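Report on the structure
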Amino acid sequence: MNILSRIATIARNTFLEALRQRILNVILVFGLVVLAGANLFSEFSFDDQFKFIKDYCLGVMSLIGVIMAIVAVAQLLPAELESRTIITILSKPVRRWEFLIGKYLGVVAMLLLTLLLMTSVSAAVLFAQERSLTHDARQSLAAATDPQAIEAAKASLSKIAASARDPWLFAAVCLVALKVILTAALALAISTIATSMMFTVVVTSLVYIAGHLESTARSVWLDPTQPAGPVAKVFLAIVSVLIPDFSVFNMIDEIVLGNTVTMAYFLRVAGYAGGCLAVVLLVACALFESRDL
C-alpha cells in the first residue's frame, strides 16, 4: 500500500466516524433549520431582502462551519490516544504525518459535505424569495398602464434576477470553505500539543478571534507613533507573524453588499489562505512528529 492509499484509507475511516458523531449532527441540523428560516426576517425592499438573506446565510454557514471544524478536530487525537488505536495504527507502516493528514482530510471531507448541504438550503431560500418577488413584480407589470410604471416593473424584474443569481456568491461560498478548513488546520496544529479536547477548543477559538484582529495588531506594531510599550509591541508582533489574518475574508461582505470585486483580488485572498493552510499543516506535522505518545 503506497502513501496515497494509506492516507485515503485513514481519511475515509475518519470521514465515516465524523458522520456518526451525534454532536456534529445536532450542530448541522440546527444550522440547516436556522438557514431555512432566513426569509422570515427580511421585511425590507427587495434589494435589501436579498442582501439580508445572503449575509444571513453566509454568516450562519461560516459560524456553523467553524464550530464544527473546531469540535470535530478537537476530538481526533484525544479519542485515538484514549482508545490507544493510534499505537496500533502507527505500529504498522504508517508514518505520523500520514496519519495526521489522513485524519485532517477526513474531517475536511465532512466539513465540505456540511457546507454543501447548507449551500443547498441557502440556494433554496434565495430561489423561493426570487419566485415570490418575481410574482409580485409581474403582477405590477400586468397592472401597469403608463410607460414609466411599465419600465419600473421591468427594471425590478431584472434587478431581482441579478440579485438572486449573483455568480459572485459562488466565490463567497468558496471563501467560507477556505476559512473553515483553515480553522480546522489551526485546531489540528493546536491539538498536537494539547492534553485535552477542551484545551484545543478554547485555544483555537481564541486564535480564531485574534485572527480577525490581526490586521489591527499589525498596523499598531508597525506604527512608531502608537504609544504601545515594548511588551505590547512584542505581543503584537507575535500575533501579526504567527496568526493568519482572517480579516482577508471580509471580501465576503463586499460581495454581499454588491461592491465591485475583481478576480485578481479573489485569487489573492484565496492564495493567501492556501499559503497559510500549507504552513499550518507543516507545523502540525512537525509538532506531531516530536510528540510522545
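Anyway, here's the lowdown on the structure attached to this text. Note that the structure is a prediction, hence the values are computed from the model and not measured.

Our next topic: the overall build of the protein chain. What the protein chain contains, in helices and strands, is 12 helices and 0 strands. Starting at the N terminus and ending at the C terminus, the protein chain contains elements arranged as α-α-α-α-α-α-α-α-α-α-α-α. Taking all 293 residues of the protein chain together, 44% fall into the buried category. Considering only residue pairs separated by 6 or more positions, the protein chain has 78% of its internal contacts joining residues 24 or more positions apart. A total accessible area of about 15,200 Å² is found for the protein chain, and carbon and sulfur atoms account for 68% of it.

What follows concerns the nonpolar core. One finds Tyr 104 and Phe 249 to be the most contacted residues of the largest nonpolar core, which totals 84 residues. Discounting chain neighbours no more than four positions away, the residues touching Phe 249 are Leu 175, Leu 178, Lys 179, Leu 182 and Ala 273.

Attention shifts here to helix α1 (residues 3-19). Look at α1: 24 Å from first C-alpha to last across 17 residues, which is about the 24 Å you get at 1.5 Å a residue. Measuring from the side-chain oxygen of the N-cap residue of α1 to the backbone nitrogen of Leu 4 gives 3.3 Å; that N-cap residue is Asn 2.

Another point: the pattern of salt bridges. Between side chains of opposite charge, a pair can form when the charged atoms approach closely. The final tally for this structure, using the stated rule, is 3 salt bridges. The partner of Glu 17 in a salt bridge is Lys 103, and the shortest N-O contact between them spans 3.7 Å. Of this pair, Glu 17 sits in helix α1 while Lys 103 sits in helix α5 (residues 96-143); the two residues are 86 residues apart in sequence, bridging distant segments of the chain. Given the relative accessible area of 35%, Glu 17 is considered partly exposed.

On inspection of all chains with the given rule, the structure shows 5 aromatic pairs. Seen in terms of ring centroids, Trp 168 and Phe 266 are 6.4 Å apart; in terms of plane orientation they differ by 75°. Their pairing is edge-to-face. Here Phe 266 lies in helix α12 (residues 263-289) and Trp 168 lies in helix α7 (residues 168-191), a separation of 98 residues in the sequence. A relative accessible area of 24% places Trp 168 in the partly exposed class. For Phe 266, a relative accessible area of 13% gives the class buried. Following the ring pairs from residue to residue traces out a cluster consisting of Tyr 208, Phe 246 and Phe 249. When the ring centre of Phe 288 is taken as reference, the NZ or CZ atom of Arg 96 above it lies at 5.7 Å.

Here the focus is α12. One turn of the α-helix equals 3.6 residues, which is why residues spaced by three or four share an orientation. For α12, built from 27 residues, the straight-helix expectation of 39 Å at 1.5 Å per residue is met to within 8% by its first-to-last C-alpha distance of 39 Å. Within α12 the residues assigned to the buried category are Phe 266, Val 269, Ala 273, Cys 276, Leu 277, Val 280, Leu 281, Ala 284, Cys 285 and Phe 288.

Together, Leu 16, Leu 19, Leu 113, Leu 116 and Leu 117 line one region of the surface with nonpolar side chains, adding up to about 390 Å² of accessible area. Elements represented by at least two residues in the nonpolar patch include exactly α1 and α5. Here the nonpolar patch takes 3 residues from α5, the largest share from any one element. Among the structural elements, Leu 117 can be located in helix α5. You can call Leu 117 partly exposed: its relative accessible area is 37%.

Before going further, it helps to spend a moment on the packing of α7 against α12. Look at α7 against α12: their axes get within 9 Å of each other, and the N-to-C directions meet at 15°. Taken together, α7 and α12 sit at an angle that is classed as roughly parallel. For the pair α7 and α12, the sense of crossing is left-handed. Contact with α7, carried on its side by Trp 168, Ala 171, Cys 174, Leu 175, Leu 178, Ile 181, Leu 182, Ala 185, Leu 186, Leu 188 and Ala 189, involves Met 263, Phe 266, Val 269, Ala 270, Ala 273, Cys 276, Leu 277, Val 280, Leu 281, Ala 284 and Leu 287 of α12 and no other residues of that element. Taken together, the residues of the contact of α7 with α12 sort by class into 22 nonpolar, no polar and no charged.

Helix α8 (residues 197-212) packs onto α7 with a crossing angle of 130° between their chain directions and a minimal axis gap of 9 Å. In this view, α7 runs oblique relative to α8, as classed from their interaxial angle. Once α7 is placed against α8, the crossing between them reads as right-handed. On α8, the residues touching Lys 179, Thr 183, Leu 186, Ala 187, Ile 190 and Ser 191 of α7 are Phe 199, Thr 200, Val 203, Thr 204, Val 207, Tyr 208 and His 212. Considering only residue class, the contact of α7 with α8 consists of 7 nonpolar, 5 polar and 1 charged.

This part takes up the side chain of Thr 204. Within the secondary structure, Thr 204 sits in helix α8. Beyond its immediate stretch of four places on either side in the chain, Thr 204 contacts Ile 70, Thr 183, Leu 186, Ala 187 and Ile 190.

Our next topic: the side chain of Lys 54. Mapped onto the fold, Lys 54 is located in helix α3 (residues 46-83). Residues within four places of Lys 54 in sequence aside, it is in contact with Leu 126, Ser 163, Asp 166, Leu 169 and Val 256.

Rules and cut-offs
Residues numbered from 1 in each chain as written. Predicted model: local features only at pLDDT ≥ 70, side-chain atom pairs only at ≥ 80, totals over all residues. Heavy atoms only, no water. Helix = DSSP H or I, 4+ residues; strand = E, 2+ residues; numbered from the N terminus. Buried < 20%, exposed > 50% of the residue type's maximum accessible area, 1.4 Å probe, protein only. Contact = heavy atoms within 4.5 Å. Areas by Shrake-Rupley, 256 points an atom, 1.4 Å probe, with all protein chains shown as cover. Core = buried A, V, L, I, M, F, W, Y, C linked by side-chain atoms within 4.5 Å. Expected span 1.5 Å × (residues − 1). Polar contact = N/O pair within 3.5 Å; in protein donor to acceptor, adjacent residues only side chain to side chain. Salt bridge = Lys/Arg side-chain N within 4 Å of Asp/Glu carboxyl O. Phe/Tyr/Trp six-rings, centres within 6.5 Å; stacked < 30°, edge-to-face > 60°. Lys NZ or Arg CZ within 6 Å of the ring centre and 35° of its normal. Patch = residues over 30% accessible without salt bridge, like charges linked within 9 Å, V, L, I, M, F, W, Y side chains within 5 Å. Axes fitted to C-alpha atoms, helices over the stretch in contact; angles between N-to-C directions. Parallel < 35°, antiparallel > 145°, perpendicular 65-115°, else oblique. Left-handed = near helix turned anticlockwise from the far one by under 90°. Nonpolar A, V, L, I, M, F, W, Y, C, P; charged D, E, K, R; others polar.

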